[in-house]
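# Remarks on the overall topology
Spelled out, the chains give:
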Amino acid sequence: MLNGLPQVPRRVAWLHFFNDLTLDFLTPLLPGGVGVAWIGLMEGLADAAGHVLKVVSGRRSDATGKRVFWVATGYSANAFARPLAAVGLAFGWPLWIVICRIGDRVGKGLRGSATDALVADWTEGPMREKAFSAMRILDHWGATVGALLAALVAWLAPSQIPLAVALLVIPALWVAYLCRNLQDAPKQATAPTAHPGSGSVAIGWWPRSRRLDRPLLAMAFASAGTRLSPLLILLPAVGLSSGSVHHAPVWALCLGWAALGLVQAASAMISGRLLTHLGAIRLLRSGWLVGAGVFACLAWAAGPWLWLAGLGWGALSGATEGAEKTLLAEIAPKEERALSFGAFALVSAGGAVLGSGLCGVGLEHWGTGVFLVPGALLILGSLTLPKI
């Protein structure tokens, strides 16, 4: 999977693994401290805060040609923010948990655009497709391992969950170590250049290339479904689509989270191979249309079928993000590469806030029928994509 990749993209892929291990150890344990409506609000606001920062950090990264500073700072920040959630879990302070979650996403905002641009700088063509696919696969493998460890803690020692969260400081130190020795690509590949016809360095707040307009709009629509918080998929499956989650079978949520990670990893591996043959646009369009059917199943299914539909959502989520980033890397000008990833993060944040916020409140008050809304937005996104 990592064979043949340059050293820097390989190290970034392992950073993704350990970063997601700590993130997905913590996330399925959060319903023990917050309610369903809080989860939707928390996930939407946390992602929004991080994605807005991606535009700022992406702009600065393109202006200076420097990626590694933002990558190392961001990974270190979100790794060390996670153990602080132990305080909120120990004392039952949901607002503290929300603040920690937003702080965690600040780190992601600092590094996100620069990380994707760094990998794009070091690769091209099929190698780039392989690198982004490997990052997504290790993301989901890390999520699976983290969720399985969380399930083990929730089953064997549920009273020690705050202590286990506090111990996330140990893998956080390893993440900080992996950030060492990262290097920016050779200057000729990353140095900021003038935008064609402008006579100045392209350091605006939004990409100037009009080729990005329709793909970004399509991704904004689709993000309401593809970037829905997994907790909102899992809660109905364990019978907690309404009311309080303080009596939730946390171990079941953790196992469900691990199953989603496993499905996402497998679908990312398959989509990485399909991407070469189908191309990014065709893969995204077909994936989003299938995803609309998955959300229809989530709206109407019950019992074991609801679990199956939830795993279908995991396959959708794992299959599409690598294609989205590959498409942007292919069409974005080099001088606006990190800024383009920042713009992608920002429009995705809008979709995430809409999807997670609406479904969080809707599940509590109206039930699973609310899943028809993100399904409809996936169809709209597929229709908005440019022609091949």
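All values derive from a computational prediction rather than experimental measurement.

On to the overall build of the protein. Helices and strands together make up the secondary structure of the protein, namely 16 helices and zero strands. Only carbon and sulfur atoms are counted for the fraction: they give 70% of the accessible area of the protein, which is about 15000 Å².

Attention now goes to the packing of aromatic side chains. All told, the structure shown has 10 aromatic pairs when counted by the stated rule. Their ring planes at 25 degrees and their centres at 5.0 Å tell us that phenylalanine 91 and tryptophan 93 sit as a pair that is stacked. Of the residues examined, phenylalanine 91 reaches a relative accessible area of 56% and is grouped as exposed. Taken together, a centroid distance of 5.0 Å and an interplanar angle of 25 degrees make the contact between tryptophan 174 and tyrosine 177 stacked. In this pair, tryptophan 174 and tyrosine 177 both sit in helix H8 (residues 169-178), three residues apart, roughly one turn of the helix.

Okay, the nonpolar core next. Ranked by internal contacts, the top residues of the largest apolar core, which has 78 residues, are Leu228, Trp288, Phe295, Leu298, Trp313 and Phe371. Examining the composition of this core, we find that 10 residues originate from one element, helix H13 (residues 280-300), more than from any other. The residues touching phenylalanine 295, leaving out its near neighbours within four places in the chain, are Gly225, Leu228, Ile233, Trp313, Leu316, Phe371, Pro374, Gly375 and Leu378. Among the nonpolar cores identified, the runner-up in size contains 18 residues, and Ala85, Ala86, Ile97 and Val165 belong to it.

Moving on, we get to helix H1 (residues 7-26). Taking 1.5 Å per residue, 20 residues should reach 28 Å; H1 reaches 29 Å between its end C-alpha atoms and fits that length. In terms of burial, H1 is a largely internal element, 16 of the 20 residues being buried.

Further remarks concern the environment of alanine 332. Residue position: alanine 332 is located in the loop between helix H14 (304-331) and helix H15 (337-365). A C-alpha to C-alpha distance of 9.6 Å links alanine 332 and arginine 210, two positions 122 residues apart in sequence. Leaving out residues up to four positions away in the same chain, alanine 332 has contacts with Leu212, Arg337 and Ser340.

Before going further, it helps to examine the pattern of salt bridges. All chains considered together, the criterion is met by nine salt bridges. Note that arginine 337 is salt-bridged to aspartate 121, the shortest N-O span being 2.9 Å. You can see arginine 337 sitting in helix H15 and its partner aspartate 121 sitting in helix H5 (residues 94-122), a full 216 residues away along the chain. Both residues of the pair, arginine 337 and aspartate 121, count as buried. Residue arginine 136 is joined to aspartate 139 by a salt bridge in which the shortest nitrogen-to-oxygen separation is 2.3 Å. Here aspartate 139 and arginine 136 lie together in helix H6 (residues 126-156), a separation of three residues that amounts to about one turn. Aspartate 139 carries the same exposure label as arginine 136, and that label is buried. Through salt bridges with shared partners, a single ionic network connects Asp62, Arg67, Asp121 and Arg337.

Moving on, we come to unusual backbone geometry. Although it is not a glycine, asparagine 181 sits at a positive phi angle of roughly 70 degrees. Its place among the elements puts asparagine 181 in the loop between H8 and helix H9 (187-190).

Glancing now at the side chain of threonine 368. Residue placement: threonine 368 occurs in the loop between H15 and helix H16 (372-384). There is a polar contact of 3.0 Å between the side chain of threonine 368 and the backbone oxygen of alanine 299. Setting aside its immediate chain neighbours within four residues, threonine 368 contacts Pro236, Leu298, Ala299 and Leu363.

On to helix H12 (residues 250-278). Helix length check: H12 (29 residues) gives 40 Å between terminal C-alpha atoms against 42 Å at 1.5 Å per residue, within 8%. Phi for glycine 279, located one or two positions after H12, is positive at around 90 degrees.

Attention now goes to the environment of glycine 312. Relative to the helices and strands, glycine 312 resides in helix H14. Of the residues examined, glycine 312 reaches a relative accessible area of 22% and is grouped as partly exposed.

Attention shifts here to the confidence of the model for the protein. With 88% of its residues at a pLDDT of 70 or more, the protein has an overall mean of 82. Taken element by element, the protein is modelled with least confidence in H9, mean pLDDT 52, and with most confidence in H16, mean pLDDT 94. Scored below 50 in pLDDT, residues 189-202 makes 31 contacts in the model with residues more than four places away or belonging to other chains. Within the model, pLDDT remains below 50 along residues 241-247, and this stretch shows 18 contacts once partners closer than five positions in the same chain are excluded.

Okay, the environment of arginine 128 next. Relative to the assigned elements, arginine 128 resides in helix H6. With relative accessibility at 11%, the residue arginine 128 sits in the buried group. In the structure, arginine 128 is positioned 202 residues away from glutamate 330 in sequence and 9.3 Å away in space, judged by C-alpha atoms. Aside from chain neighbours lying at most four places away, what touches arginine 128 is Ala120, Thr123, Ala329 and Arg337. Of note is the side chain of arginine 128, whose polar atom sits 3.0 Å from the backbone oxygen of alanine 120.

Calculation notes
Residues numbered from 1 in each chain as written. Predicted model: local features only at pLDDT ≥ 70, side-chain atom pairs only at ≥ 80, totals over all residues. Heavy atoms only, no water. Helix = DSSP H or I, 4+ residues; strand = E, 2+ residues; numbered from the N terminus. Areas by Shrake-Rupley, 256 points an atom, 1.4 Å probe, with all protein chains shown as cover. Phe/Tyr/Trp six-rings, centres within 6.5 Å; stacked < 30°, edge-to-face > 60°. Buried < 20%, exposed > 50% of the residue type's maximum accessible area, 1.4 Å probe, protein only. Core = buried A, V, L, I, M, F, W, Y, C linked by side-chain atoms within 4.5 Å. Contact = heavy atoms within 4.5 Å. Expected span 1.5 Å × (residues − 1). Salt bridge = Lys/Arg side-chain N within 4 Å of Asp/Glu carboxyl O. Polar contact = N/O pair within 3.5 Å; in protein donor to acceptor, adjacent residues only side chain to side chain. pLDDT = per-residue confidence, 0-100.

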